[in-house]
Amino acid sequence: MRSLLWFAIALFVVRTAAFGQDVRYDFDKDKDFSKYKTYKWVPIKDADKVDDLTAKQLTDADLATKGLTKTDSDDADLYIGYQTAVGTEKQFTSFNTGWGYGPGWGAGWYGYGGAAGGTTYGSTSTVYVGQLDLSMYDSKTKQLVWRGNASKTLDPKAKPDKKQKNITKAVQKLLKNYPPKQKS
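What you see is a predicted model; the values in this text were computed from it and never measured.

Draft legend 1. Representation of the overall build of the protein chain. Helix and strand counts for the protein chain come out as 4 helices and 6 strands. Along its sequence from the N terminus, the protein chain presents helices and strands in the succession α-β-β-α-α-β-β-β-β-α. Looking at the protein chain residue by residue over its 184 residues, the buried ones come to 27%. Put simply, of all contacts in the protein chain between residues at least 6 apart along the chain, 77% involve residues at least 24 apart.

Structure below.
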């Protein structure tokens with residue numbers, strides 16, 4: 001019974017990790033991020049274009065909470081670009097139908113000798129994984145100063161409000177550590 005409980009806990013942890021958002025970021029440790037006050041959206045060269053609905057869902061509100069003001073001027077402190085991608089992965093799920101004898105059960109040498117029972121079944125499914133990459137460039141040096149990436153398992157049947165919620169959450173998680181903390 002204990003092994004069934006541990007299996008259920010392990011399955012829950014794996015499924016929770018698979019469906020949560022994974023966020024990574026990196027930044028130029030030599031930059032003073034307090035000097036960046038304005039930004040301009042710029043396209044990233046050779047990046048796939050997102051559809052108009054998705055582009056509208058990437059809002060400026062989260063950047064405003066970080067003290068950044070949007071401008072269309074080329075004199076902006078930061079140039080910010082983004083790109084998205086959707087990929088597929090295979091997921092394997094298996095389960096066993098029963099209990100049986102195995103190590104530690106029955107007679108035999110040191111508890112071995114019982115017959116193993118039950119049947120294991122498995123299936124594969126396609127999982128869609130979406131990624132959002134946000135890149136910030138110093139407009140004067142044209143150098144990358146901050147980049148964040150969020151990835152999440154997607155439900156292809158999700159309604160538009162769920163899609164918006166996922167994008168909003170991804171952007172908020174991406175920007176959680178912006179501006180980076182300066183070492184004292």
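Past the structure itself, the notes keep going.
Draft legend 2. Representation of the side chain of Ser-135 within the structure. Structurally, Ser-135 is set in strand β5 (residues 120-138). Taking the relative accessible area as the measure of exposure, Ser-135 reaches 0% and is therefore buried. A polar side-chain atom of Ser-135 sits 3.0 Å from a polar atom in the side chain of Asp-133.

Draft legend 3. Inspection of the sheet that holds β5 at higher detail. Strand order in the open sheet formed by 6 strands is β1-β6-β5-β4-β2-β3, with mixed pairing between adjacent strands. In this open sheet, the two edge strands, each paired with only one partner strand, are β1 (22-27) and β3 (69-70). As judged from the 3 bridges shared by strand β2 (residues 38-41) and strand β4 (residues 78-96), these two strands associate in the parallel manner. Residue pairing in the sheet places Lys-40 in a bridge with Tyr-79 of β4. Sheet strands in contact with helix α4 (residues 160-174) are β1, β5 and β6 (143-154), and its direction is about 140 degrees off that of β6.

So, how was this worked out
- Residues numbered from 1 in each chain as written.
- Predicted model: local features only at pLDDT ≥ 70, side-chain atom pairs only at ≥ 80, totals over all residues.
- Heavy atoms only, no water.
- Helix = DSSP H or I, 4+ residues; strand = E, 2+ residues; numbered from the N terminus.
- Buried < 20%, exposed > 50% of the residue type's maximum accessible area, 1.4 Å probe, protein only.
- Contact = heavy atoms within 4.5 Å.
- Polar contact = N/O pair within 3.5 Å; in protein donor to acceptor, adjacent residues only side chain to side chain.
- Pairing = 2+ DSSP bridges.
- Axes fitted to C-alpha atoms, helices over the stretch in contact; angles between N-to-C directions.

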